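Each chain is listed here by its residues.
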Amino acid sequence: MGFKKKNRHVGIVGIGETKFSSHREDVNQPEMIHEAVKDALEDAGLTMDDIDCVVHGNMELFEMVHQPDLWHTLGTGARGKDAFRLTTGGTTGGTLVGAADNLVAAGMYDTVLAIGFEKLQEGHTTGGITNMADPLWARKLQSGALTDSAAVKAIAEFGPDRAKKAAMLYRIIMDKHACLNPNSHRAFGLDWDQMADLMENSPPLIGDLRLIHMCSQSDGACAMILSSEEKAKQQCDHPVWIRDHITIHREETLNLCVNHYPNETTHRFAARHLYERNGITDPLDYFDVFEMYDPSAWWGADWIRDFFLLEGDAHYRLIEEKEIMRGGKMPINPSGGVLAANPIGATAMVRVAEAAKQVRGNAGPHQIPGTVNHAIASSFGGTMWTILIMLEKELNW
Amino acid sequence: MKNSEESDSYIIHGKLALPYTYFAGRTGSTFLTTLRDQRIIMGVKCTACNRVFVPPRQTCERCMADIRSQWVTVESQGKVVNHTVIRYQDKHLPRKPPFVLAMILLNGADTPMTHILEGVNPDRVVKGMEVAAVFSPATTNTLLDIDHFEPVAEPP
Amino acid sequence: MEKEMNVTDNDNFDTMADQELIVLRKTISVDQKFATGPVMGKFLTALKDKRILAIQCPECGRLQSPPREMCAICRVRNREWVEIGPRGEMRMMEYCYYSSPDPLTGESRETPYGAIGILLDGCQKEEVFWHLLRPEHLEMVEMGIVMGDRVTRGTRLRPVWAQERSGSIDDIKYFEIDE
């Protein structure tokens with residue numbers, strides 16, 4: 001891989017998030033985005049005059065608006081500034097952070113504002129996603145963003161009993177986290193004694209993927225401000241440093257139906273390369289928190305194995321021993337993750353934002369105990385696209 | 001089996017049909033309901049740069065000031081500042097060609113608004129022409145509650 | 001999709017009821033045309049003759065059906081065609097209870113339906129063909145699993161061809177149990 005080290009370090013100096021919800025009739029798109037932008041500028045103590053470039057993104061075809069970046073200037077503050085629009089599916093939010101990281105690291109701009117948003121109530125998620133598929137074949141077959149493949153694979157490997165329990169345990173842990181996060185769209189207050197009932201009675205969507213396993217459709221926006229080392233140190237007492245990021249994708253949609261085979265996933269491939277080039281031999285030991293883009297409980301439970309390069313049932317044991325909870329060995333999604341809120345174009349950026357807040361120590365009620373020195377955030381796209389972004393508290397690597 | 005050739009390629013017809021919903025938000029809704037119920041066109045004024053925006057917006061994108069409560073009423077009459085003649089037919093267009101789309105600066109506003117201009121030969125539209133809104137008898141809860149603009153009658 | 005249980009409104013939308021909020025519901029509908037290109041065109045044309053073709057990578061040897069101009073893994077042009085199936089083995093099913101809209105019409109599809117992966121005869125490993133299962137057979141099929149050394153056989157399936165065939169995915173109505 002043609003990986004080059006950064007020209008200069010890049011720090012996160014501002015973070016803004018809206019509250020996530022199923023509906024925002026009170027604002028149009030630019031107005032909603034402006035809430036996150038204003039929040040990020042206030043967080044950084046900056047004004048738009050300090051911003052050199054704006055990168056903006058969401059899902060294509062979701063709100064049915066062509067060139068939203070143009071219209072959204074009313075909320076983004078991009079008027080008269082260098083600006084880019086990026087859209088890469090579910091990974092969009094991670095791509096935005098990665099692009100901003102690259103732009104600053106390369107020396108093109110000192111301070112970049114990245115904005116991800118989605119108003120899913122305005123469009124049709126499943127219909128929009130179906131249009132990513134090959135129009136001559138797969139559009140007729142693809143079931144939107146929903147898939148049973150992770151459940152099929154897990155049940156084949158671990159048997160229905162253990163696999164279904166692990167997925168539901170994962171779901172309830174995420175809900176317990178979501179209940180602490182004031183920005184959550186969905187926080188049900190689920191408890192362990194509801195597992196059997198939910199496994200049996202939550203409405204089925206596809207195969208063993210039930211409604212309770214699946215992420216929501218949310219409205220909301222996220223904004224982050226990234227600066228070069230020199231600027232970041234002037235602008236902010238404690239920037240969160242982006243040590244490295246990796247973005248990997250695979251083939252197009254016609255190959256999606258074969259994902260249940262035991263080949264190396266983009267998640268494992270990305271993780272392996274990222275850790276190798278940063279000299280990390282035991283990621284489970286190294287990282288203090290992981291914000292995962294987990295579109296369903298089945299995927300979330302399964303992917304722990306790939307992201308931490310585990311073998312066998314090591315990932316299930318982490319779930320079963322509740323080591324992924326706040327205070328556990330590897331806290332996963334103290335924010336509640338994607339199951340708590342999924343404004344898709346913002347979702348992957350929210351993972352980075354939440355991980356960065358954990359590093360700063362000011363995440364709010366869902367801040368995990370202890371110091372967070374090393375954090376990692378993932379992004380996922382339906383074409384099997386993975387982004388991993390590594391964050392550090394200290395500039396000492 | 002022999003290789004594929006260019007002659008194997010052909011055209012398949014498809015369609016993209018997707019439902020969506022648009023929320024005007026509070027500011028947009030105030031503008032539309034006032035237009036619909038009172039036949040009044042409202043804008044918002046930025047207290048920092050003194051510009052009056054029509055249609056309204058919550059934020060002045062130049063000053064980044066929150067201007068959502070700075071409502072002003074503008075006249076439903078103004079001047080053509082630019083225009084174009086639509087000479088092709090397509091199903092998404094609001095009128096049969098040829099018709100005029102004009103940018104109209106309403107009296108009291110600082111930003112022009114694009115709308116349909118009728119009652120004038122498309123080739124006779126000039127910059128500075130005085131025009132007035134003609135409200136639609138039926139509502140669609142859109143900017144088309146102004147059906148079109150037309151020239152103000154020449155004084156005798 | 002799910003009812004909310006913790007609506008904790010923030011200051012920005014606390015007084016929703018004091019004003020009429022305008023909502024527009026629309027359907028965007030655009031006619032499209034797709035060129036099949038020579039490779040997909042050859043594959044789709046063969047369906048008219050009830051034949052399923054695959055294209056083979058000259059380097060790794062994998063078969064792709066529907067075919068692609070390139071092997072994206074080896075980054076070389078695919079050239080050799082082979083006929084596969086039309087019978088095969090059930091490998092993967094998305095048993096869909098949720099009705100997503102048909103992107104061609106915007107209308108919801110009938111549920112339940114099964115989008116399936118079939119290992120057609122002549123194919124191996126990941127060379128799975130994607131189509132639909134006959135709805136009446138949804139509860140009657142077994143998926144074949146390959147998990148390391150553990151291999152189980154799936155239900156044998158055969159295509160049901162449409163009477164009128166035009167060179168499109170609809171030339172196969174669906175696959176059904178082959179007994």
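Please read all numbers here as calculations on a predicted model, not as lab measurements. The residue count restarts for each chain, going from 1 along the sequence in the order it is written. The naming scheme follows written order: chains are lettered A onward, ligands numbered 1 onward. A pLDDT threshold of at least 70 governs which residues receive local features in this predicted model, and a stricter bar of 80 or more applies before side-chain atom pairs are shown or counted, although totals over entire chains, interfaces and linings include all residues.

K.L.:
Can you help me understand unusual backbone geometry in this one?
P.N.:
Leave glycine aside and you will find that most residues have negative phi; peptide bonds, for their part, are mostly trans. A cis geometry characterises the amide bond from Ser65(C) onward to Pro66(C), with omega recorded as -5 degrees. Take Pro66(C): it is sitting in the loop between β3 (63–64) and β4 (70–71). In this structure, the amide linkage connecting Thr111(C) to the following residue, Pro112(C), adopts the cis form with an omega of -5 degrees. Working definition: helices are DSSP H or I runs of at least four residues, strands are E runs of at least two. Numbering for both runs from the N terminus. By the element assignment, Pro112(C) lies in the loop between β7 (88–96) and β8 (113–120). The phi torsion at Asn333(A) lies on the positive side, around 50 degrees, for a residue other than glycine. Here Asn333(A) is to be found in the loop between α13 (314–320) and α14 (344–360).

K.L.:
It is not clear to me how the sheet that holds β3(C) should be interpreted in this structure. Could you clarify?
P.N.:
Two strands in a sheet stick together by hydrogen bonds in their backbones, pointing the same way (parallel) or opposite ways (antiparallel). Residues and elements named next belong to chain C. Two strands qualify as a pair provided that DSSP identifies no fewer than 2 bridges between them. In space, the three strands of this open sheet follow the order β3-β2-β6, with antiparallel pairing throughout. Because the sheet does not close on itself, it has two edges, and the strands there are β3 and β6 (80–84). In this structure, strand β2 (residues 52–56) lies alongside β6, joined through five bridges in antiparallel fashion. Directly across from Ala-54, in β6, lies its bridge partner Val-82.

K.L.:
Where do I start with helix α1 (residues 29–44) of chain A in this structure?
P.N.:
Helical geometry note: an α-helix holds 3.6 residues per turn, so side chains three or four residues apart project in the same direction. Residue and element names in this part refer to chain A. When the terminal C-alpha atoms of α1 are compared, their 23 Å separation across 16 residues agrees well with the 22 Å that a helix rising 1.5 Å per residue should span. With 13 of its 16 residues buried, α1 lies for the most part within the structure. In the segment just after α1, Gly-45 is the residue with positive phi, at about 65 degrees. Expected span of a helix, by definition, is 1.5 Å for each gap between consecutive residues, and there is one gap fewer than residues. Using C-beta atoms placed from the backbone, we call a residue buried if 20 or more other C-beta atoms fall within 10 Å of its own, exposed if 12 or fewer do, and partly exposed for counts in between.

K.L.:
Is there a simple way to explain the pairing of β2(C) in this structure?
P.N.:
Residue and element names in this part refer to chain C. Within β2, four of the five residues are buried, leaving the element largely enclosed by the surrounding structure. Pairing of β2 with β3, which is carried by two bridges, proceeds in the antiparallel orientation. Bridged to Ile-55 within β3 is Gln-64. Where β2 hands over to β3, the hairpin turn is made up of six residues, of which Gly-61 adopts a positive phi near 80 degrees.

K.L.:
Help me understand the packing of helix α6 (residues 149–158) of chain A against helix α12 (residues 297–307) of chain A, please; the structure alone is not making it clear to me.
P.N.:
Relative orientation and spacing of two packed helices are given, respectively, by the angle between their axes and the distance between those axes. All names here are of chain A. Angular values range over 0 to 180 degrees, each being the angle between N-to-C directions of two axes fitted as lines to C-alpha atoms, with helices fitted over their stretch in contact. Where α6 meets α12, the closest approach of the two axes is 8 Å, and the angle between their N-to-C directions is 55 degrees. Accordingly, the angle class assigned to the pair α6 and α12 is oblique. Once α6 is placed against α12, the crossing between them reads as left-handed. In this structure, α6 contributes Ala-150, Ala-151, Lys-153 and Ala-154 to the contact, and α12 contributes Trp-298, Trp-299 and Asp-302. Asp, Glu, Lys and Arg are counted as charged, while Ala, Val, Leu, Ile, Met, Phe, Trp, Tyr, Cys and Pro are counted as nonpolar; the rest, among them Gly, fall into the polar class. Partitioning the contact of α6 with α12 into residue classes produces five nonpolar, no polar and two charged. Angles are sorted into four bins: roughly parallel if under 35 degrees, roughly antiparallel if over 145, roughly perpendicular if 65 to 115, and oblique for all others. What makes a crossing left-handed is the near helix being turned counterclockwise from the far one by less than a right angle; a clockwise turn instead makes it right-handed. Working definition of a contact: two residues with C-beta atoms, positioned from the backbone, lying within 7 Å.

K.L.:
Can you walk me through the interface of chain A and chain C in this structure?
P.N.:
Size of an interface, as often reported, equals the accessible area lost when the parts are brought together. Between chain A and chain C, the contact holds 47 residues from the first and 42 residues from the second. If you list the elements that add at least two residues to the side of chain A that touches chain C, you get α5 (125–130), α6 and β5 (204–206) of chain A. Residue composition of the side of chain A that touches chain C, by class: 21 nonpolar, 15 polar and 11 charged.

K.L.:
Help me out: how do you make sense of the interface of chain C and chain B in this one?
P.N.:
At the interface, 33 residues of chain C touch 29 residues of chain B. Breaking the side of chain C that touches chain B down by element, the ones donating at least two residues are β1 (23–35), α1 (37–48) and β6 of chain C. For the side of chain C that touches chain B, the element with the highest residue contribution is β1(C), accounting for 13 residues. Relative to β1(C), strand β1 (residues 11–23) of chain B is paired through 13 bridges, and the arrangement is antiparallel. Looking across to β1(C), one finds that Pro19(B) is bridged to Thr27(C).

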